[in-house]
Amino acid sequence: MLRHARTEEGFAVGTAIHLVDTVLCLMGRPQRVEARHERAAAGTMLLDAALTFPGGASARLFIAPQCGADEETYEVIGPDYCVQADFRAARVHVSDGGEEAAAWSAPADAEAVWRDGSFGEAESFLAALKGEREFAPGLEDGVIDMLVAEAMEDGAARDLA
C-alpha cells in the first residue's frame, strides 16, 4: 500500500486497515503476525508485517505512507501473478504468468462516486440491510483485521490462533 504524505498517528488502524482486510479476505485468518516499523522522512512511519497462516501459507504487508505516490495504490503479488489497483486513476490490472489476465478502468468522465468505489460500497451495504446478501466482512473478521492492524501500529508480534 503506497500513499502520499500521511503522517497522522494511528494510520495503520485508521486507514491502512483496508490493506489488512484485503489480504485477510484472500488468505483467511492468520495464526501470527510479526510487525515492525521505523520512522521515515517527515514523521511518517514505514510498516512491515509478516503473517503466517494455517498450513504454512504466508503473506507480507508493507505500508509506505510517504513514498511519493499521488494517491492510494495497492499491489497483491503472488508466485506468478500480480494485482495492481490504483484508486486515483480508477483502474485495476491483473497479470498471470507475466501476461495480462484482466484489466479495467473507469471512464475518465465518470463521477467520483463511480471512480472511487463509493457507490458500489453503499450499494452492497444497502443490499445487506435488505437481506439480499450477507454482511461481509463480518464483525469477527473486523476484530481480526483490527488485531493485525494494531500489531502493525505497535511494531509488535502477536499470536492470533
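Before any of the text, the structure's been laid out above.
The shown structure was predicted, so the numbers you read here are calculated from the model rather than taken from an experiment.

K.L.:
Would you mind showing me how to read the overall build of the protein chain here?
P.N.:
Of the regular secondary structure elements, the protein chain holds 5 helices and 8 strands. Counting from the amino terminus, helix and strand elements in the protein chain follow one another as α-α-β-β-β-β-β-β-β-α-α-α-β. Here the protein chain holds 161 residues, and 30% of them are scored as buried. For the protein chain, restricting intrachain contacts to residue pairs at least 6 apart in sequence, the fraction spanning at least 24 positions comes to 49%. In the form shown here, the protein chain has an accessible surface area of approximately 9,800 Å², with 54% of it arising from carbon and sulfur atoms.

K.L.:
Could you clarify how one ought to interpret the environment of Glu-8 in this entry?
P.N.:
Relative to the elements of secondary structure, Glu-8 occurs in the segment before helix H1 (11-14). For Glu-8, a relative accessible area of 34% puts it in the partly exposed group. Sequence spacing of Glu-8 and Met-45 is 37 residues, and the spatial spacing of their C-alpha atoms is 9.4 Å.

K.L.:
Where do I start with the sheet that holds strand S3 (residues 58-63) in this structure?
P.N.:
Two modes of strand pairing occur in sheets, parallel and antiparallel, and in both the strands are linked by backbone hydrogen bonds. Taken in spatial order, the 4 strands make up an open sheet running S3-S2-S1-S8, and their pairing is antiparallel. The sheet is open, and its two borders are formed by S3 and strand S8 (157-159), each paired with just one other strand. For this sheet the average axis-to-axis angle between neighbouring strands, irrespective of direction, equals 15°. As judged from the 8 bridges shared by strand S1 (residues 32-39) and strand S2 (residues 45-52), these two strands associate in the antiparallel manner. In the strand pairing of S2, Arg-36 is matched with Asp-48. Against the sheet, helix H5 (residues 139-154) touches S1, S2, S3 and S8, its axis set at about 35° to S1.

Rules used throughout
- Residues numbered from 1 in each chain as written.
- Predicted model: local features only at pLDDT ≥ 70, side-chain atom pairs only at ≥ 80, totals over all residues.
- Heavy atoms only, no water.
- Helix = DSSP H or I, 4+ residues; strand = E, 2+ residues; numbered from the N terminus.
- Buried < 20%, exposed > 50% of the residue type's maximum accessible area, 1.4 Å probe, protein only.
- Contact = heavy atoms within 4.5 Å.
- Areas by Shrake-Rupley, 256 points an atom, 1.4 Å probe, with all protein chains shown as cover.
- Pairing = 2+ DSSP bridges.
- Axes fitted to C-alpha atoms, helices over the stretch in contact; angles between N-to-C directions.

On their own, these measurements won't tell you what the molecule is for.
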